[in-house]
Amino acid sequence: MDLPRSAPAGSELRFPALVWALLHAPIFLLLFAPSIGPALRSLPPSYRTPMWPALALEAGALSLLVYLVALPLSVWGRAYRVGAPLVAGLTTVLLSADARLYGSIGFHMNGLFLRTLRQPAALHEMGIPTGEAAWLVLQWVAWVVADTVAGAWFLRRFAVRRRAWPWAAALLLAAVAERHYVASLTFFGGQAVFAAGQVLPLQAPVRMNAIWARLTGRPVVGNPLRAVSSEAALKLPPGLDPRDVRFARKPDVLLLLLESLRADYLVPEVMPRLLRRVAAQGTIFEQHYTSAPTTFFGVYSLLFGYHAHTYDATLGTGRRPLLFGALSANGYHSRVLAASSVDWMGMRQGVFGDVEGELETDWPKTLRGDQRDEAIVERAKRHVLETPPDRPVFLFLFFFGTHFNYFFTPRSDRFHPMWDGEGVLKTSVAPTEHLLNRGRAAAYELDWKVDDFLTWFEATRGRRPLVVVTGDHGEEMREKGHLSHGSALTREQIQVPMAILGDGVPVGRRSAPTTHADVLPTLLGLLGDEHAPERYSDGLHMFDVPQDRYVLVSMGWEPRFAAVARDMKISFFGMDAGFGGVEVTDLDDRPLPDADARLDAAAPRIVRLFQPPPSRRQTAEAVPR
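The text that follows walks through the structure, step by step, so that each part is easy to find. (Residues numbered from 1 in each chain as written. Predicted model: local features only at pLDDT ≥ 70, side-chain atom pairs only at ≥ 80, totals over all residues. Heavy atoms only, no water.)

1. Details of the overall build of the chain
Piece 1. Counting its secondary structure elements, the chain contains 23 helices and 17 strands.
Piece 2. Expressed as a percentage of its 625 residues, the buried residues of the chain come to 57%.
Piece 3. Carbon and sulfur atoms make up 59% of the accessible area of the chain, which totals about 26600 Å². (Helix = DSSP H or I, 4+ residues; strand = E, 2+ residues; numbered from the N terminus. Buried < 20%, exposed > 50% of the residue type's maximum accessible area, 1.4 Å probe, protein only. Areas by Shrake-Rupley, 256 points an atom, 1.4 Å probe, with all protein chains shown as cover.)

Now the structure itself:
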């Protein structure tokens, strides 16, 4: 008669636990396959095959991490038998979520993302229905249970007294070698190799450019642009006391910000009413760019007049936007109405602190995006009616309808075929044109709302206001492999419409590159203030910018930058990212045949984008705020 086998000791489970963890490596690769494919296709053909061993070793390194996390439990055999596969299941779920995040917006889970999840109504703001999130959670729970049960059986079935540490040590050495291998390929293959080597998470970049440069005598690509980005945040404008700002003219002012508004929405088929108004009384800036492809940094740059990457330095000094203080000092009755929440990431205090009493941004979560926009229009009308006719009005209206999932009423249901707006996961397979058509319908609806409000405003106040209309950032519909925004410095994510209209505004179109940092000096200039923009802003007066200008765009929270001219884009990493590579492309990210010559000619000017002008460097200290 067979005697029942006793429970194996923890030492007998270590080797099968390592094997069980390694069996998850192919699963990890499958989770990231939708991102690995485009990354490999972006490589020079001769580098695609050499990258496959690196990806396999990265998956193995993640498996080793699973094993090491659970290893302390091996002193208790029964706990280890369940705990090791439980850790494997939980890690798989975590990587599944990370793979979805990376595939959608191009970066892995990090402090910014986790901080965002802690914000009120985070899922709602990101356009993820609660039901869909709950279904995902149920799937993940089911996976963890199944993984734990199967793993516990595997460990007991294949328990054996065999040393696991030599194999674990070999995997660790292989992971270290892989990082150096990818770093070496990066030196020879360029930026695309670096990006492909970061598709799987938990892979810290290793720098070998200097070593290979010494061995080969070949210079590091992009060396003229290294380090300037990390220093720029320390070179803020000296600033102005708002009481020193004097407006020679005091028209009513409307700053209208439309969430996620792409530049190519400003066409007759999508926004005909705004185009008709601008044609009669204003200017369209055809190459206008947000400072970063996210609401947070875009709004910051718009109101402060600074480049996005200076955010930490700016708020660290306690500065507030000059615009609100200057308007108050000149007698304006202000109201800030944001249908898109500005409670996120401390914006209420850091950016809108001076007008927190005039700020409304909390709306019932049951309201759709188009209904929130109707609500802020009604509040804006109330504010106008409460303002004496002889006192100028300032309104900052942040509309939400063009935010994902893109909201509109039946009157704007005119672009087909389109995505139905239900089930966020469907966007991973919905054709680009279907997504674009839904976005166009939302923009058409907002065009209608804005035009109706401007007509009412002019009739009520008896005069035309000075109006600025733009977007906080753009939106990609997978044209370059991304969905939504905040993931890359592609044209779709960073180029936004810009229109300025009102009495005294020149009529026409301008093609010189402009940016959100220019809006503050442009507004103050149109109102008659005579201070030089460099005293308080990184931008210029938009009607004075030269045709050969470069504007600076960044990711905001990481040192990825692009200098954009009329006909090309120079993309690069700052020194903080550990990589000095540079790519010279056209505006749609296609390589240019004369890239090296263009970079040689442009590098000094791009470096100057990060440096204060001579007159600012001569200022001894900032004006206290």
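2. Re the environment of P242
Piece 1. Within the secondary structure, P242 is located in the loop between α12 (228–232) and β1 (253–258).
Piece 2. P242 gets classed as buried once you look at its relative accessible area, which sits at 9%.
Piece 3. Between the C-alpha atoms of P242 and G325, which are 83 residues apart in sequence, the distance is 5.2 Å.

3. Description of the sheet that holds strand β7 (residues 466–471)
Piece 1. If you walk across this open sheet you meet the eight strands as β5-β4-β6-β1-β7-β11-β2-β12, and the pairing is mixed. One side of each edge strand has no neighbouring strand; the edge strands of this open sheet are β5 (359–360) and β12 (508–510).
Piece 2. Note that strand β4 (residues 333–338) and strand β6 (residues 393–399) share six bridges and pair parallel. Within β6, the position partnered with S334 by the bridge is F394.
Piece 3. Contacts from helix α18 (residues 369–386) reach β4, β5 and β6 within the one sheet, and its direction differs from that of β6 by about 175°. (Pairing = 2+ DSSP bridges. Contact = heavy atoms within 4.5 Å. Axes fitted to C-alpha atoms, helices over the stretch in contact; angles between N-to-C directions.)

4. Concerning helix α4 (residues 45–70)
Piece 1. When the terminal C-alpha atoms of α4 are compared, their 40 Å separation across 26 residues agrees well with the 38 Å that a helix rising 1.5 Å per residue should span.
Piece 2. Largest kink in α4: about 30°, centred on M51, with the proline P53 one to four residues after it. (Expected span 1.5 Å × (residues − 1). Bend = angle between axes of the 7 residues up to and from the residue.)

5. Focus: the pattern of salt bridges
Piece 1. Counted under the stated rule, the structure contains 32 salt bridges.
Piece 2. Here the salt bridges do not stand alone but share partners, grouping K480, R491, E492, K569, D586, D588, D589 and R590 into one network. (Salt bridge = Lys/Arg side-chain N within 4 Å of Asp/Glu carboxyl O.)

6. Notes on the environment of W76
Piece 1. With respect to the helices and strands, the residue W76 is situated in the loop between α4 and α5 (77–105).
Piece 2. Exposure remark for W76: the relative accessible area of 54% places this residue in the exposed category.
Piece 3. Each C-alpha atom of the pair W76 and A9 lies 7.5 Å from the other, and the pair is 67 residues apart in sequence.

7. Digging into the sheet that holds strand β3 (residues 288–289)
Piece 1. Strand order in this open sheet of three strands is β10-β3-β13, and the pairing throughout is mixed. The sheet terminates laterally at β10 (495–496) and β13 (514–515), the two strands that pair on one side only.
Piece 2. In the sheet, β3 pairs with β13 via two bridges, with the strands oriented parallel. Note on β13: the bridge partner recorded for H288 is T514.

8. Regarding the packing of helix α1 (residues 10–22) against helix α9 (residues 165–189)
Piece 1. Two elements in contact, α1 and α9, have axes whose closest approach is 9 Å; the angle formed by their N-to-C orientations is 35°. Listed contacts from α9 to F15, L18 and L22 of α1 are W167, A168 and L171.
Piece 2. In terms of residue class, the contact of α1 with α9 is built from six nonpolar, no polar and no charged. (Nonpolar A, V, L, I, M, F, W, Y, C, P; charged D, E, K, R; others polar.)

9. Comments concerning a nonpolar patch on the surface
Piece 1. Together, V137, V141, V145 and V149 give the surface a local cluster of nonpolar side chains, amounting to about 340 Å² of exposed area.
Piece 2. Among the structural elements, V149 can be located in helix α8 (residues 130–157). (Patch = residues over 30% accessible without salt bridge, like charges linked within 9 Å, V, L, I, M, F, W, Y side chains within 5 Å.)

10. Let's talk about unusual backbone geometry
Piece 1. N405 follows F404 through a cis peptide bond whose omega is 20°.
Piece 2. In this structure, N405 sits in the loop between β6 and α19 (432–461).
Piece 3. The residue after H416, namely P417, is reached through a cis peptide bond having omega 0°.
Piece 4. Secondary-structure assignment places P417 in the loop between β6 and α19.
Piece 5. For Y406, which is not glycine, the phi torsion reads 70° and is therefore positive.
Piece 6. Topologically, Y406 is positioned in the loop between β6 and α19.
Piece 7. Non-glycine residue S484 carries a positive phi angle of around 80°.
Piece 8. Mapped onto the secondary structure, S484 falls in strand β9 (residues 483–484).
Piece 9. The class of S484 is buried, set by a relative accessible area of 15%.

11. Things to note about the packing of aromatic side chains
Piece 1. Evaluated as defined, the whole model comprises 23 aromatic pairs.
Piece 2. On the basis of an interplanar angle of 85° and a centroid distance of 5.4 Å, the ring pair of Y300 and Y311 is categorised as edge-to-face. Taken together, the residues Y300 in helix α14 (residues 295–304) and Y311 in helix α15 (residues 311–316) connect sequence positions 11 residues apart. The burial state of Y300 is the same as that of Y311; both residues are buried.
Piece 3. With centroids separated by 5.9 Å and ring planes inclined at 80°, the aromatic side chains of Y444 and W448 adopt a geometry described as edge-to-face. (Phe/Tyr/Trp six-rings, centres within 6.5 Å; stacked < 30°, edge-to-face > 60°.)

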